[in-house]
Amino acid sequence: MKNKVIVVSGINLFEGGPLSVYKDFLDALVSAGVAADNWIILYVHKKELFADYEQHARIVELPESRKNYLRRLYYEYIYFAGISRKHKIDYWISLHDITPGVRAGHLYTYCHQPAPFYRPDRTDWKYSRKVCAFALLYRYLYGINIRKNDAVVVQQNWIKKEFMRIYGIENVITARPERGLSMAEADSGNAAAAENRPYIFIYASYPRSFKNFEVVCEACRRLGSRPDYQVYLTLKGDENPYSRYLYRKFADLKQIKWLGILPREELFRRYRESDCMIFPSKLETWGLPVSEYRMTGKPVILADLPYAHETIGEYGKACFFNCRDAEQLARIMRRVMKGTYVFSRHPAPEKPDAENWTELCHLIFKEE
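Fair warning: this is a prediction, and the values are worked out from it, not measured in the lab.

(A) Up close: the overall build of the protein chain. Looking only at helices and strands, one finds 14 helices and 13 strands in the protein chain. For the protein chain, the C-alpha radius of gyration of 22 Å lies close to 21 Å, the compact-globule estimate for 368 residues. Buried residues in the protein chain amount to 55% of all 368 residues. Surface accessibility of the protein chain: about 17000 Å² in total, with carbon and sulfur atoms responsible for 50%. Where the 55 positive side-chain charges of the protein chain centre and where its 44 negative ones centre are 6 Å apart.

(B) Quick look at the packing of aromatic side chains. In the structure shown here, the tally under the stated rule is 28 aromatic pairs. Relative to Y293, the ring of Y271 lies with its centre 5.3 Å away and its plane at 85°, an arrangement referred to as edge-to-face. Separated by 22 residues along the polypeptide, Y271 in helix 10 (residues 264–273) and Y293 in helix 11 (residues 288–294) bring together distant segments of the chain. By relative accessible area, which is 0% here, Y271 ends up buried. With a centroid separation of 4.9 Å and an interplanar angle of 55°, the aromatic rings of Y341 and F343 are classed as tilted. On the basis of relative accessibility, which here comes to 23%, the residue F343 falls in the partly exposed class. Through successive ring pairs, a cluster of aromatic residues spans Y43, Y74, Y75, Y79, F80 and W92. Lying over the aromatic face of Y232, R270 brings its terminal NZ or CZ to 5.1 Å of the ring centre.

(C) Representation of the packing of helix 8 (residues 213–223) against helix 9 (residues 241–250) in the model. Their axes nearest at 11 Å, the elements helix 8 and helix 9 cross at an angle of 5°. What the angle tells us is that helix 8 and helix 9 run roughly parallel. Counting all contacts with helix 8, which are made through F213, E214, C217, E218 and R221, the residues of helix 9 involved are Y242, L246, K249 and F250. For the contact of helix 8 with helix 9, a count of residues per class yields five nonpolar, no polar and four charged.

(D) Structural detail: the pairing of strand 1 (residues 5–9). Among the five residues that make up strand 1, five are buried, leaving the element largely enclosed by the rest of the structure. Here strand 1 shows two buried faces, one formed by V5, V7 and S9 and the other by I6 and V8. Direction of pairing for strand 1 relative to strand 2 (residues 39–44): parallel, over a ladder of five bridges. Bridging across to strand 2, V7 finds its partner in I41. Note that strand 1 and strand 4 (residues 91–94) share four bridges and pair parallel. From the neighbouring strand, S9 faces strand 4, where its bridge partner is S94.

(E) Up close: unusual backbone geometry. One non-glycine residue, N3, adopts positive backbone phi at about 60°. Mapped onto the secondary structure, N3 falls in the segment before strand 1.

(F) Local environment of the side chain of N157. Inspection of the secondary structure assignment puts N157 in helix 6 (residues 157–167). Residue classification places N157 among the buried positions, given a relative accessible area of 4%. Side-chain polar atoms of N157 contact the side chain of T174, separated by 3.0 Å. Among the polar contacts made by the side chain of N157, one reaches the main-chain carbonyl oxygen of E350 at a distance of 2.9 Å. If sequence neighbours within four positions are ignored, N157 has contacts with T174, E310, E350, K351 and P352.

(G) Spotlight on the sheet that holds strand 5 (residues 106–110). Here we have seven strands laid out as an open sheet, ordered 3-2-1-4-5-6-7, and parallel in their pairing. Whereas interior strands pair on both sides, the edge strands pair on one side only; in this sheet they are strand 3 (58–61) and strand 7 (172–174). Strand-to-strand twist across the sheet, computed as the mean angle between neighbouring axes with direction ignored, equals 20°. Set on the sheet, helix 3 (residues 69–86) makes contact with strand 1, strand 2 and strand 4; between it and strand 2 the angle comes to about 155°.

(H) Geometry of the pattern of salt bridges. With the rule as written, the count across this model stands at 23 salt bridges. One salt bridge connects E76 with R72, and the closest N-O pair in it is separated by 3.0 Å. In this pair, E76 and R72 are both assigned in helix 3, four residues apart and thus about one turn of the helix distant. Look at E76 and you get buried, because its relative accessible area is 2%. With a shortest N-O distance of 2.9 Å, E355 and K351 are connected by a salt bridge.

(I) Representation of the confidence of the model for the protein chain. Of all residues in the protein chain, 95% attain a pLDDT of 70 or more, and the chain-wide mean is 89. Of all secondary-structure elements in the protein chain, the lowest mean pLDDT belongs to helix 7 (residues 191–195), at 67, while strand 11 (residues 276–279) reaches the highest, 97.

(J) Here's a closer look at helix 10. Of all the residues in helix 10, the buried ones are L267, F268, R270 and Y271. Projected down its long axis, helix 10 carries its buried residues within an arc of 155°, all on one side. Projecting away from the buried face of helix 10 at angles above 90 degrees are the exposed residues E265 and R272.

Cut-offs applied
- Residues numbered from 1 in each chain as written.
- Predicted model: local features only at pLDDT ≥ 70, side-chain atom pairs only at ≥ 80, totals over all residues.
- Heavy atoms only, no water.
- Helix = DSSP H or I, 4+ residues; strand = E, 2+ residues; numbered from the N terminus.
- Rg over C-alpha atoms; globule rule 2.2 N^0.38 Å.
- Buried < 20%, exposed > 50% of the residue type's maximum accessible area, 1.4 Å probe, protein only.
- Areas by Shrake-Rupley, 256 points an atom, 1.4 Å probe, with all protein chains shown as cover.
- Lys, Arg positive; Asp, Glu negative; His and termini not counted.
- Charge placed at Lys NZ, Arg CZ, Asp CG, Glu CD.
- Phe/Tyr/Trp six-rings, centres within 6.5 Å; stacked < 30°, edge-to-face > 60°.
- Lys NZ or Arg CZ within 6 Å of the ring centre and 35° of its normal.
- Axes fitted to C-alpha atoms, helices over the stretch in contact; angles between N-to-C directions.
- Parallel < 35°, antiparallel > 145°, perpendicular 65-115°, else oblique.
- Contact = heavy atoms within 4.5 Å.
- Nonpolar A, V, L, I, M, F, W, Y, C, P; charged D, E, K, R; others polar.
- Pairing = 2+ DSSP bridges.
- Polar contact = N/O pair within 3.5 Å; in protein donor to acceptor, adjacent residues only side chain to side chain.
- Salt bridge = Lys/Arg side-chain N within 4 Å of Asp/Glu carboxyl O.
- pLDDT = per-residue confidence, 0-100.
- Arc of directions from axis to C-beta.

What follows is the structure in structure tokens.
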């Protein structure tokens, strides 16, 4: 494939995992040779974030795109539509959920927001109203223009099935995200018992209500005051209303260590010194900490939800619990600490359509 005009738009992506998705896709365009033989145009929020790609693409900055959500919709449905009518676009790849109203030979939209498939509870409405609003808004936005796509791209098979069920479409591609993990897998056994120290559990995430930190804290309360374990939480208790609520309610639990948000290197150090991860989140696109922690070879206790089963993959030290049941979690923690929990190998999940972004590029940019 040569001399095609390929537009990649992601004007709302400016930090964290979503920005990494944009850059991972661009890296795949380069490694697959697509960028070398075609015209690549990138629409971005901040041009400086994409300086590494200036030799491969024309970069167009739209700094007003994050001013408010109406401005974002203007760009997706009006501004981009005007550009596509003036210029011949062979491929348009939208990387942030919304199918733009454009004319293009081929159109693909990457949907990574799982909120439409989540049912908020009272805690969410109290502390994360934005998530609740997204759950309603995105269910509607996903449907606009969705049938214009050659395919919708998602990260996990359970989301693919939801798109097929809710929107009545068949053209959905599951593509696993690129995950550059640096820790080598190593089975450490029960290091706490060998070193005569407390058994360390860790839950690494940003404090949002759907991350469900309270079930871990409630499980600690049920375990009672005992010196044989600690729980590391990556929040301090002052980040937002939800974290302040958690700290007020559970600050008396001495087993909980309130670490705050950690740099990646420090987080990996905490992974290595811990013995088991608890990941009770009720809503995830992927669950990167699970992928990261799996590389240690240590046990993980996961919410019994579809995303967690897909993310952990085939693994011999995973167990699952009802993410709303603190008593069940406490029982599992007690047995894991004692070394009496019998893990069974978690079966391999259903294979995706593309194992990585490079395979996705080969699916999208077929020879014409």
